[in-house]
Structures are given as C-alpha cells and as structure tokens.
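Here is what each chain is made of, one letter per residue.
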Amino acid sequence: MAFNSLLAFLSIALAAHAATTGVQCPDGNVASNAACCPFFALREDLQNNAFSRQCGEETHETVRLSFHDAIAFSPALQAQGLPAGGGADGSMLLFPTVEPNFHANLGISDSVDLLTPFLNNHTDVTAGDLIQFAAAVAIGNCPGAPKLEFLAGRPNATAPAPDGLIPEPQDSVDSIFARMLDGGNFQPDEVVALLASHSIARADHVDPTINAAPFDSTPFTFDTQVFLEVLLKGVGFPGTANNTGEVESPLPEGSGVNVGELRLQSDFSIARDPRTACTWQGFINEQDKMTSAFQTAMAKLAVIGQDPTQLIDCSEVILAPAPASGQPATFPATKTQSDVEVACSASPFPSLSTDPGATETIIPHCPNGETTC
C-alpha cells in the first residue's frame with residue numbers, strides 16, 4: 001500500500017516537472033510547445049538586425065504594418081462573394097507589389113522590405129506570424145508598453161487584400177468606426193485603445209516635406225502623453241499646410257532633423273467625438289488603464305481572419321518590456337489647462353503640471369536624444 005502511494009506521488013511529481021519544463025528546443029531554449037521553438041531565434045535576429053533593441057523608427061513602422069495587414073479584412077464583402085482579404089495573414093509580405101501600393105499604405109514598403117529577409121531566412125515561420133510576432137517584439141522595446149500576446153500558426157495568405165479596407169486620416173469618424181467594426185468587430189472605445197500606438201508613432205508621408213514627424217512629444221516611450229496633446233489647441237504645422245489628413249498641431253516647432261509634432265485629422269476628430277471623447281480623456285495619466293486596453297485590443301487585432309482555437313500560444317517568447325518611467329503626463333512647456341479643448345463633460349479634466357521652460361518643446365529625432373540614429 002505504501003509502495004503504491006509512493007509510485008503515485010512520483011508520477012504526480014514527474015507530471016508536474018514535465019508541465020513546468022516544457023519542450024526542449026534544438027537551440028537549448030525551453031518552450032511550452034514545439035511550435036514555439038523557431039520564434040526564439042527569430043526574436044534575437046529581429047532584435048539584433050532590425051530593431052537594435054530600441055523603440056526607434058523600425059519599431060514604429062512594424063507596429064503600423066501589423067495593423068494594416070490585419071485590418072484588411074471584410075466579412076461584409078465576404079458575404080457578397082467578393083474579394084475580402086484574409087486579415088492577419090501576411091499578405092503584405094507575400095504580395096509586396098500589390099497592397100503596399102495602395103494609397104492608405106503609402107510608405108509601408110519600408111517595413112515590408114525590413115521584414116522580407118527574415119521571412120526568407122526563417123522558413124518555418126509564416127508571413128502572418130512574422131508580422132504579428134515582429135510587432136510584439138518591437139513594441140517590447142518601448143518603455144511603458146504592455147507585453148503583447150502572440151499566437152502562432154497562421155496559414156500563409158493565398159491572395160492580396162483588395163484596396164479600400166485601411167482607414168485613412170482624412171476619413172470621417174463614422175467611416176472609420178464602420179470600417180473597424182466590419183474589419184475586426186471593434187467598438188469605438190476599442191478603436192481609441194488601439195490608437196495608444198500613436199504614442200510611439202511618426203509620419204513620413206502625410207506631409208511630403210518632412211520625415212519622421214512624431215504624434216506626441218515622447219515618441220520613444222509608450223505613455224499617455226498623446227491623449228493629452230491631441231486635445232491641445234492647434235497653432236501651426238510642422239511642415240507645410242493644407243496636407244490631406246492633417247490638422248494644426250500644438251507643438252509644430254522643430255530644429256533641423258528634430259521635426260515638430262504632426263496631428264492627424266482622424267486623431268483630432270475621434271478625441272472630440274461624443275462617442276469616444278470620455279474614453280480618450282480617460283486615458284490621460286492612466287498608464288495601467290491605457291496599456292491594459294491596448295493589450296486587449298491588440299490581441300483581438302492579431303487574430304483577425306483567423307480561428308484562435310487553431311493557434312498555439314507562444315507568448316512566453318515575448319520578453320517583458322521595460323517599465324514605464326512613472327512620470328505623470330504633463331503639459332509641454334508653454335502649455336496649460338487653458339490650451340485644452342475639453343470634449344468630455346461627464347468627468348473633470350485631470351489636474352496636470354507644466355514642464356519648465358519659456359519656449360516650445362523641441363522633440364528629439366532619436367531615442368537617445370541625438371540627431372543621428
């Protein structure tokens with residue numbers, strides 16, 4: 001009897017050990033599933049040869065690519081028997097002469113060209129998996145960002161998505177919300193959550209006269225500053241005026257390659273729309289709330305067009321990002337509460353301090369504060 005009890009105990013212990021140790025990968029890493037093994041080498045390759053472990057331009061571009069590849073899907077068109085896209089299926093990489101040429105994807109060839117060699121060198125990773133995995137790895141380089149979920153096993157796209165499925169900054173709020181509902185079943189509040197990505201975003205083609213124009217004053221930190229600054233009164237443009245999809249920015253001043261802040265018309269409008277104004281304002285100085293909402297919305301985006309039950313959770317390969325600095329949102333130098341265009345009447349606007357300085361904030365071009373990177 002005692003011997004049988006001992007055997008039972010050993011069986012349980014061995015089972016528990018196997019559950020915690022997982023699968024031994026050929027490169028020495030341990031994974032929860034053998035399907036996750038290829039992503040350890042891919043992660044290091046991306047970090048060393050694409051992102052340089054920084055929240056830089058390649059990170060910004062890769063996160064944009066993950067959205068554009070995934071949202072190009074339409075169940076409404078599918079129901080009509082029309083080309084409808086495949087969602088997060090890697091079609092951007094597999095048909096590089098088609099989708100990247102759509103107007104809404106202007107400039108996305110940079111990230112397609114960046115990732116294509118990794119697709120060729122890591123042949124056991126599909127294009128759809130590569131895009132979403134690269135975005136999760138990249139955003140992990142941004143202090144304050146959440147650790148994103150990564151599920152593996154997306155089949156490769158068999159056709160490019162049709163044109164017209166990517167929202168553009170000049171589109172009306174109604175049009176953007178309708179497209180996001182059709183493409184990913186996103187509600188307006190979830191659209192705002194996804195726009196937290198604009199805290200680390202920059203634009204190269206909205207104004208053709210300037211490159212890497214940031215959307216807030218801290219483009220290398222995943223923080224709530226963008227939700228504050230989009231609500232500040234616009235006073236000018238960082239480059240030229242009258243560009244499609246652009247409205248006046250509160251911080252247009254630049255210096256050399258340090259380009260002033262650019263404001264998208266869509267961000268301006270969604271921040272002031274009665275359906276989303278309070279959600280937008282509610283993220284200001286609420287880092288945990290914002291990152292949690294973004295993490296959830298990105299998990300939903302990453303499986304558009306896919307059956308999540310057929311995918312394998314390989315999130316353990318994604319490293320935890322650096323923590324947020326803990327610094328609260330602040331008005332940039334020379335800006336105060338009087339510069340806020342309050343759009344949410346249901347709750348008071350947060351009380352914030354103003355950064356010191358008698359002149360407008362100059363936003364650095366590089367993560368390290370230098371002008372070359």
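Just so we're clear, the structure is a prediction, and the values are computed from it rather than from any experiment.

(A) Structural detail: empty space enclosed by the protein. Here the structure, examined in full by the defined rule, presents one cavity of 30 Å³ or more. Its boundaries defined by the atoms lining it, the largest cavity holds a volume of some 80 Å³. Taken together, Ser66, Gln132, Ala135, Ala136, Leu148, Glu149, Phe150, Leu151, Arg154, Met298, Ala299 and Ala302 form the lining of the largest cavity. At three residues, the largest contribution of residues to the lining of the largest cavity is made by helix H7 (residues 127–139). Taken together, the residues of the lining of the largest cavity break down into eight nonpolar, two polar and two charged.

(B) Structural context of the layout of surface pockets. Computed from the structure, the largest pocket encloses a volume of approximately 970 Å³. The greatest single-element share of the lining of the largest pocket, amounting to six residues, is contributed by helix H3 (residues 57–71). Split into classes, the residues belonging to the lining of the largest pocket amount to 22 nonpolar, 10 polar and seven charged. Asp223, Gln225, Ser325, Gln327 and Pro328 are the residues nearest the centre of the second largest pocket, which is lined by 19 residues in total. Grouping the constituent residues of the lining of the second largest pocket by class yields five nonpolar, 12 polar and two charged.

(C) Examining the state of the cysteines more closely. In total, this model carries four disulfides according to the counting rule given. Covalently, Cys278 is tied to Cys344 through a disulfide, its sulfur atoms 2.0 Å apart. The disulfide joining Cys278 to Cys344 has a torsion of about 95 degrees about its S-S bond and is therefore right-handed. Separated by 66 residues along the polypeptide, Cys278 in helix H12 (residues 277–282) and Cys344 in the segment after strand S8 (312–313) bring together distant segments of the chain. By relative accessible area, Cys278 is classed as partly exposed at 32%.

(D) Highlighting the environment of Ala135. The topology assignment puts Ala135 in helix H7. You can call Ala135 buried: its relative accessible area is 2%. Considering only alpha carbons, one finds Ala135 and Asn368, 233 residues apart in sequence, at a separation of 21 Å.

(E) Up close: the side chain of Glu61. Counting through the fold element by element, Glu61 comes out in helix H3. For the buried Glu61, no salt bridge exists, and the shortest N-O distance to an oppositely charged side chain is 7.3 Å, to Arg64.

(F) Just unusual backbone geometry, in detail. Phi is positive for Asn242, which is not a glycine, with a value near 65 degrees. Non-glycine residue Asn285 carries a positive phi angle of around 65 degrees. Residue placement: Asn285 occurs in the loop between H12 and helix H13 (287–301). Classification of Asn285 as partly exposed rests on a relative accessible area of 32%.

(G) Main features of the packing of aromatic side chains. Here the structure, examined in full by the defined rule, presents six aromatic pairs. Pairing Phe39 with Phe133 gives two aromatic rings, centres 5.1 Å apart and planes at 55 degrees, and the pair type is tilted. A residue pair is termed long-range when its members are at least 10 positions apart, and Phe39 in helix H2 (residues 38–51) and Phe133 in helix H7 qualify at 94 residues. Here the two residues Phe39 and Phe133 agree in accessibility, since each one is buried. What links up through ring pairs into an aromatic cluster is the set Phe39, Phe133 and Phe150.

(H) Broad picture of helix H6 (residues 109–121). For H6, built from 13 residues, the straight-helix expectation of 18 Å at 1.5 Å per residue is met to within 8% by its first-to-last C-alpha distance of 19 Å. At Leu115, H6 shows its maximal bend, which comes to roughly 30 degrees, and the proline Pro117 appears one to four places after that position. Among the residues of H6, Ser111, Val112, Leu114, Leu115, Phe118 and Leu119 are the ones counted as buried. On its buried face, H6 is in contact with H2, H3, helix H5 (91–94) and H7.

(I) Quick look at the pattern of salt bridges. Following the criterion strictly, the structure yields nine salt bridges and no others. The salt bridge involving Asp174 is made with Arg275; its shortest N-O contact spans 2.7 Å. Remark: Arg275 occurs in the loop between helix H11 (265–272) and H12 and Asp174 occurs in helix H8 (residues 173–184); sequence separation between them is 101 residues. Classification of Arg275 as partly exposed rests on a relative accessible area of 41%.

Conventions we followed
Residues numbered from 1 in each chain as written. Predicted model: local features only at pLDDT ≥ 70, side-chain atom pairs only at ≥ 80, totals over all residues. Heavy atoms only, no water. 1 Å grid on protein atoms, 1.4 Å probe; cavity = no way out; pocket = protein on both sides within 12 Å on 5 of 7 lines; lining within 4 Å. Points joined across faces, edges and corners; volume = space filled by probe spheres on them. Helix = DSSP H or I, 4+ residues; strand = E, 2+ residues; numbered from the N terminus. Nonpolar A, V, L, I, M, F, W, Y, C, P; charged D, E, K, R; others polar. Disulfide = S-S within 2.5 Å. Buried < 20%, exposed > 50% of the residue type's maximum accessible area, 1.4 Å probe, protein only. Lys, Arg positive; Asp, Glu negative; His and termini not counted. Salt bridge = Lys/Arg side-chain N within 4 Å of Asp/Glu carboxyl O. Phe/Tyr/Trp six-rings, centres within 6.5 Å; stacked < 30°, edge-to-face > 60°. Expected span 1.5 Å × (residues − 1). Bend = angle between axes of the 7 residues up to and from the residue. Contact = heavy atoms within 4.5 Å.

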